[in-house]
Amino acid sequence: RFLNPQASFQITEKTYRGFVMGIFGGDRWRGNLGLRVVRTDQTADGWLIGDPGGEPNPFGPITPVMLENSYTDWLPSINVAFDVTNDIVVRAAAARTVTRPDYASMAPQIELRPTILTGTGGNPQLDPFRADQFDLSFEWYPSRQSLVSVALFYKDIQTYITTATSTEVHLVEQNVNPTPAGSVAAGTNLWNCEFQITRPVNGSGGTNKGAEVSWQQPIWGGFGFLANYTYSDAKKSDGRPVEGNSKHTLNLVGYFENDLLSARLAYNYRSKYFVNQDRASALTADATSSLDASV
């Protein structure tokens, strides 16, 4: 029945981009070299609570606020492939990459838990993941529908998205004075209290290195399988784990295909991974697996 300013926001994102690419090659080798430039302009609209003269609201007077963030990325890349034999290919690649944060992470909003004086919020000044990555793969094609490959990768992470907790003062609606020291009256049943707020922030960098093994093989009569395993060792510059990274990932797919029917049974597994830091506690997701079928 009324606007909740702490949970209301709008994100506007505009990108302007261009690229140039050159293709080269010779006898039994080929490749491309390119440069992409991306300009990103972001605007986050939200509400400032408690500003005198603002629009009346049960949480206190509210005033609209607009926070802006802009950045430009230069993203070079090079890819080269060598035909060692008619059925063996060696590929090498290097590139600079970016991955933008999701909109909720950039939202100028906050979710408070007044009973324990903690909360979580967004960060409109958040920059994307940035990394320089290098890949080397060896591919063997025993037949037209078969592939065996081994790939090595190394990512020099310039910045990543993590979480940090700090003390912030926010309004609380209560009938009695909150017990923690430092609570200050701000109106009828309103108090300014110190909260421990966790927000996404940019980390200083790290590395991710590992390998991937893949095997795709038809068996007989339209039956076949695909399998791949990835080992990923990602660490921040201070030695702590990177959010969302599982050291072990496995995919197994069995299939049947002919002119009329396509059926698949797929199994996926990922080992445990670090989610984020909530105050003094490290939150970790357990290993997960799934089984999917499609016809």
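Refer to the structure printed above.
To keep things clear, this report deals only with the structure shown in the data block. Note that this is a predicted model, so its numbers are computed, not measured.

1. Quick look at the overall build of the protein
- Regarding its fold elements, the protein presents one helix and 17 strands.
- Since a compact globule built from 295 residues should have a radius of gyration of about 19 Å, the 26 Å found for the protein marks it as more spread out than a globular shape.
- C-alpha extents for the protein along the principal axes are approximately 80 × 45 × 40 Å.
- The proportion of buried residues among the 295 residues of the protein is 32%.

2. As for the pairing of strand 3 (residues 62-85)
- Pairing of strand 2 (residues 29-49) with strand 3, which is carried by 21 bridges, proceeds in the antiparallel orientation. Note that in strand 3 the partner of Val38 across the bridge is Asp73.
- Of the pairings in the sheet, the one linking strand 3 to strand 4 (residues 88-99) comprises eight bridges and is antiparallel in character. Within the sheet, the bridge partner assigned to Thr85 lies in strand 4 and is Ile88.
- Linking strand 3 to strand 4, which pair antiparallel, is a turn of two residues.

3. Details of the nonpolar core
- Judged by nonpolar contacts, Ile110, Leu112, Leu117, Val172, Trp191, Cys193, Phe195 and Ile197 together constitute the single largest core of eight residues.
- If you list the elements that add at least two residues to this core, you get strand 5 (110-113) and strand 10 (190-203).
- With four residues, strand 10 is the single largest residue contributor to this core.
- Setting aside residues no more than four positions away along its own chain, Ile110 makes contact with Gln6, Thr120, Gly121, Glu168, His170, Ile197 and Arg199.
- Core analysis: the next-biggest nonpolar cluster, separate from the first, contains five residues, Ile11, Met106, Leu126 and Ile161 among them.

4. Quick look at the pattern of salt bridges
- Evaluation of the coordinates by the stated rule reveals 10 salt bridges.
- Across the salt bridge formed by Asp83 and Arg30, the nearest N and O atoms sit 2.9 Å from each other. Of this pair, Asp83 sits in strand 3 while Arg30 sits in strand 2; the two residues are 53 residues apart in sequence, bridging distant segments of the chain.
- What makes Asp83 partly exposed here is its relative accessible area of 22%.
- Arg30 sits in the partly exposed class, given a relative accessible area of 34%.

5. Topic: the pairing of strand 1 (residues 10-26)
- Summarising the sheet, strand 1 and strand 2 pair through 17 bridges and their orientation is antiparallel. By the bridge assignment for strand 2, Glu13 is matched with Gln42.
- Taking the residues between adjacent antiparallel strands as the criterion, strand 1 and strand 2 are bridged by two residues, where Arg28 takes a positive phi near 70°.

6. Some points on a nonpolar patch on the surface
- A surface patch of nonpolar side chains, about 460 Å² in accessible area, is lined by Trp29, Phe82, Val84, Ile88 and Trp140.
- For Trp140, the position within the fold is in strand 7 (residues 129-140).
- A relative accessible area of 42% places Trp140 in the partly exposed class.

7. A closer look at the packing of aromatic side chains
- In the structure shown here, the tally under the stated rule is three aromatic pairs.
- Ring plane angle 45° and centroid distance 5.8 Å describe the contact between Phe24 and Trp29, whose orientation is recorded as tilted.
- Look at Trp215 and Phe225: their rings are 4.9 Å apart centre to centre, the planes differ by 85°, and that puts the pair in the edge-to-face class. With Trp215 in strand 11 (residues 206-220) and Phe225 in strand 12 (residues 223-236), this pair connects stretches of sequence that are 10 residues apart.

8. Considering the environment of Ile62
- Relative to the helices and strands, Ile62 resides in strand 3.
- What makes Ile62 buried here is its relative accessible area of 2%.
- Sequence separation between Ile62 and Pro5 is 57 residues; the distance between their C-alpha atoms is 7.4 Å.
- The residues touching Ile62, leaving out its near neighbours within four places in the chain, are Leu3, Pro5, Trp47, Leu48, Ile49, Gly54, Glu55 and Asn57.

9. With respect to unusual backbone geometry
- A positive phi angle is found at Arg28, which is not glycine, with a value near 70°.
- Among the structural elements, Arg28 can be located in the loop between strand 1 and strand 2.
- Look at Arg28 and you get partly exposed, because its relative accessible area is 38%.
- In the Ramachandran plot, Leu117 falls in the positive-phi region, its phi being about 55° despite a non-glycine side chain.
- When you line up the elements, Leu117 lands in the loop between strand 5 and strand 6 (118-121).

Cut-offs and rules
Each chain carries its own residue numbering, running from 1 in the direction its sequence is written. In view of the model being predicted, local features appear only for residues whose pLDDT reaches at least 70, and side-chain atom pairs are presented and counted only at 80 or more, with totals across whole chains, interfaces and linings using the full set of residues. The basis for the side-chain values is all heavy atoms of the structure; hydrogens and waters are excluded. Segments assigned H or I by DSSP are reported as helices when at least four residues long, segments assigned E as strands when at least two residues long, and all are numbered from the N terminus. Our radius of gyration is a C-alpha quantity, and the globule rule it is checked against amounts to 2.2 Å times the number of residues to the power 0.38. Using a 1.4 Å probe on the protein chains alone, a residue whose accessible area is under 20% of its type maximum counts as buried, one over 50% counts as exposed, and one in between counts as partly exposed. Only when DSSP finds a minimum of two bridges between them are two strands counted as paired. Residues grouped as a nonpolar core are buried Ala, Val, Leu, Ile, Met, Phe, Trp, Tyr and Cys residues, joined through side-chain atoms within 4.5 Å. In this analysis, two residues are considered to be in contact whenever any of their non-hydrogen atoms come within 4.5 Å of each other. For this document, the term salt bridge refers to a Lys or Arg side-chain nitrogen within 4 Å of an Asp or Glu carboxyl oxygen. Within this analysis, patches are made of residues with over 30% relative accessible area and no salt bridge. Like charges are joined at 9 Å or less; nonpolar side chains (Val, Leu, Ile, Met, Phe, Trp, Tyr) at 5 Å or less. Exposure was quantified through the Shrake-Rupley algorithm and a 1.4 Å probe, taking into account, for residues, occlusion by the shown protein chains and nothing else. When the centres of two rings from Phe, Tyr and Trp lie within 6.5 Å, Trp using its six-membered ring, the rings pair. Their planes under 30 degrees apart give stacked, over 60 give edge-to-face, and anything left gives tilted.

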